[in-house]
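Here's the letter readout for the chains.
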Amino acid sequence: MGNQEIKVTHTTSKKTKPNPDTLEFGKIFTDHMFIMDYSQENGWHSPRIIPYQPITLDPAAIVFHYGQTVFEGLKAYKTKEGHARLFRPNKNMERLNRSNRRLCIPEIDEEFALQAIEKLVSLEKEWIPTAPGTSLYIRPFIISTEPYLGVAPSKKYQFIIILSPVGAYYKEGINPVRIAVEQTFVRAVNGGTGEAKTAGNYASSLKAQEVVSEKGYAQVLWLDGLEKKYIEEVGSMNMFFKVDGEVITPSLNGSILEGVTRNSVIALLKHWGIPVTEKKISMDEIYEAHQNGVLEEAFGTGTAAVISPVGELAWNGEPLTINDGEIGNIAKKLYDTLTGIQYGTEKDVFNWVIEVS
Ligand code: COI
């Protein structure tokens, strides 16, 4: 796959760009997409950039029936000088292959996939919005396309990359969101697919989200699938808490997603000398910290969500207000620094950013 040429077919009718000030998340797509195929005979082959368009699949394609599919999410940002940048894209490609291995999907060449992203982003550079808080969301994904109703790994796949100019993931933007701790449904169990970025994890989360959204909560906070006692993640973000001066986050246990933003936040906190611990955290412990007045902050981290402060956690029917429902100092500093690195206004001390020519 490594040295294959990516053939480009340009669109003949460019779309009108959206108003950057009213962008929502994931509703608008750019002029082109990347696509390549996999077959057992030829491996990954025929990489091409083509005009954005619907794809045709056999109704028996495995992806429709058994959900053998994986995806990633990363963003391109534009600096004041007009340079396009990617934030730690190699991390996403590594995770894509970890998800591939879990879902029995043939691995991709990470470097080649990154070249494909760079080439597509470079072609669509004028689609990267520059209004504060906006970016170009990159969605690489792999689907199983073999028409077969038996439950077995597909023999055919497509790797596709689409791009979407986006604003904030939550309507609240950087303002605190309200989150309900989920006590009925579970997202993942040890040994399951929780740490893979695969569609089924998200499909199975919809019901819980539907129930709480009627009560005005943005998302649910998942507890562990066995005892419903320990904090896992919020589907679209990893969670952090500041308790009595120490930042804590659930350790990677096989059932939560290994977030790129999570990893970056831990690195930044360590760099600033702020104590941060990855550990098993029970909801009881968080409740107790709240009762004792030492639950100082809670926030989620994710590519789409960036840093999202949590102003209220509902548990056992009781709303726990955190930091008076305001964004905390650590969440604010992390948001400013991370986005500063991404948009090129802060020094990139860790060399996380890659410029796209
Ligand atoms: C991301 O943060 O990129 C994600 O993939 C979360 C997504 C479900 C919106």
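Quick caveat, the model's predicted, so the values are computed rather than measured.

What counts, and at which threshold
Residues numbered from 1 in each chain as written. Predicted model: local features only at pLDDT ≥ 70, side-chain atom pairs only at ≥ 80, totals over all residues. Heavy atoms only, no water. Phe/Tyr/Trp six-rings, centres within 6.5 Å; stacked < 30°, edge-to-face > 60°. Helix = DSSP H or I, 4+ residues; strand = E, 2+ residues; numbered from the N terminus. Buried < 20%, exposed > 50% of the residue type's maximum accessible area, 1.4 Å probe, protein only. Lys NZ or Arg CZ within 6 Å of the ring centre and 35° of its normal. Near = heavy atom within 4 Å. Polar contact = N/O pair within 3.5 Å; in protein donor to acceptor, adjacent residues only side chain to side chain. Areas by Shrake-Rupley, 256 points an atom, 1.4 Å probe, with all protein chains shown as cover. Nonpolar A, V, L, I, M, F, W, Y, C, P; charged D, E, K, R; others polar. Domains from an automatic or database assignment. Contact = heavy atoms within 4.5 Å. Pairing = 2+ DSSP bridges. Expected span 1.5 Å × (residues − 1). Buried area = accessible area lost by both parts, 1.4 Å probe. Axes fitted to C-alpha atoms, helices over the stretch in contact; angles between N-to-C directions. Parallel < 35°, antiparallel > 145°, perpendicular 65-115°, else oblique.

A.B. asks: What should I look at first to understand the packing of aromatic side chains in this one?
C.D. replies: The geometry of an aromatic ring pair is captured by two quantities: the separation of the ring centres and the angle between the planes. Following the criterion strictly, the structure yields 14 aromatic pairs and no others. Here the aromatic rings of phenylalanine 34 and phenylalanine 159 are separated by 5.8 Å at their centres, their planes lie at 70°, and the arrangement is edge-to-face. Of this pair, phenylalanine 34 sits in strand S2 (residues 32-39) while phenylalanine 159 sits in strand S8 (residues 156-166), and the two are 125 residues apart along the sequence. Here the two residues phenylalanine 34 and phenylalanine 159 agree in accessibility, since each one is buried. Centre to centre, the rings of phenylalanine 87 and tryptophan 352 are 5.5 Å apart; their planes meet at 80°, and the pair counts as edge-to-face. Residue phenylalanine 87 is located in strand S6 (residues 84-87), and its partner tryptophan 352 is located in the loop between helix H8 (329-343) and strand S17 (353-356); the two are separated by 265 residues in the primary sequence. There is no split in this pair, since phenylalanine 87 and tryptophan 352 are both buried. Counting every residue linked through ring pairs, the aromatic cluster contains Phe34, Tyr38, Trp44, Tyr157 and Phe159. Above the ring of tyrosine 217, the side-chain terminus of arginine 178 is found at 4.3 Å from the ring centroid.

A.B. asks: Looking at this structure, how should I read the site of the ligand?
C.D. replies: Surrounding the ligand, one finds Phe71, Gly73, Tyr137, Arg139, Tyr169, Lys197, Tyr202, Thr303 and Ala304. Between the ligand and lysine 197 there is a distance of 2.7 Å, counted from an oxygen atom to a side-chain nitrogen or oxygen. Alanine 304 is positioned such that a nitrogen or oxygen atom in its backbone is 2.8 Å from an oxygen atom of the ligand. Isolated, the ligand exposes 280 Å² of accessible area, and the fraction of that covered by the protein chains is 90%. Residues of the shell around the ligand, tallied by class, amount to 5 nonpolar, 2 polar and 2 charged. There are two domains that each give the shell around the ligand at least three residues, and those are domain 1 (7-166) and domain 2 (177-341).

A.B. asks: Can you help me understand the side chain of serine 39 in this one?
C.D. replies: Residue position: serine 39 is located in strand S2. Among residues more than four places away in sequence, those in contact with serine 39 are His45 and Lys155.

A.B. asks: Just to check I follow, could you spell out the pairing of S8 for this structure?
C.D. replies: Most of S8 is tucked away: 10 of the 11 residues are buried. Pairing between S2 and S8: 6 bridges, direction antiparallel. Within the sheet, the bridge partner assigned to phenylalanine 34 lies in S8 and is isoleucine 161. In the sheet, strand S7 (residues 135-144) pairs with S8 via 10 bridges, with the strands oriented antiparallel. Counted as the bridge partner of serine 135 is valine 166 from S8.

A.B. asks: I tried to follow helix H2 (residues 89-102) on my own but got confused; where do I start?
C.D. replies: Since there are 3.6 residues in each turn of an α-helix, residues three or four apart along the chain are aligned in direction. When the terminal C-alpha atoms of H2 are compared, their 20 Å separation across 14 residues agrees well with the 20 Å that a helix rising 1.5 Å per residue should span. Taken as a whole, H2 has its buried residues at Pro89, Asn92, Met93, Arg95, Leu96, Asn97, Ser99 and Asn100. Just downstream of H2, cysteine 104 is the residue with a positive phi angle, here 60°.

A.B. asks: What is the right way to look at the domain arrangement of the chain in this model?
C.D. replies: Often, the extent of an interface is quoted as the loss of accessible area upon association of its parts. The domains assigned to the chain are domain 1 (7-166) and domain 2 (177-341). Each of domain 1 and domain 2 was reduced to a C-alpha centroid, and the two centroids are 27 Å apart. Contact with domain 1, which involves 21 residues of that partner, is made by 20 residues of domain 2. Counting the surface lost from both domain 1 and domain 2, the interface buries some 1,600 Å², and carbon and sulfur atoms represent 55% of this.

A.B. asks: What is the right way to read the environment of glutamate 81 from this model?
C.D. replies: With respect to the helices and strands, the residue glutamate 81 is situated in the loop between strand S5 (74-78) and S6. The exposure class of glutamate 81 is exposed, given its relative accessible area of 56%. For the pair formed by glutamate 81 and glutamate 107, sequence separation is 26 residues and the distance between their alpha carbons is 36 Å.

A.B. asks: I would appreciate a short explanation of the packing of helix H6 (residues 260-271) against H8 in the present structure.
C.D. replies: The description of two packed helices rests on the angle between their axes and on the distance between the axes. Between H6 and H8, the least distance of the axes is 11 Å, while the angle of their chain directions is 110°. With respect to H8, the element H6 is oriented roughly perpendicular. Across the interface between the two elements, Thr261, Ser264, Val265, Leu268 and Leu269 of H6 pack against Ile330, Leu334, Thr337, Leu338 and Ile341 of H8. Counted by class, the contact of H6 with H8 contains 7 nonpolar, 3 polar and no charged residues.

A.B. asks: Even after reading the chapter, I still don't get helix H3 (residues 110-123), so can you show me in this structure?
C.D. replies: Along its 14 residues, H3 runs 20 Å from first to last C-alpha, staying within 8% of the 20 Å computed at 1.5 Å per residue. Along H3, the residues classified as buried are Phe112, Ala113, Leu114, Ala116, Ile117, Leu120 and Val121. For H3, the side-chain oxygen to backbone nitrogen distance between the N-cap and glutamate 111 is 3.0 Å, and the N-cap itself is aspartate 109.

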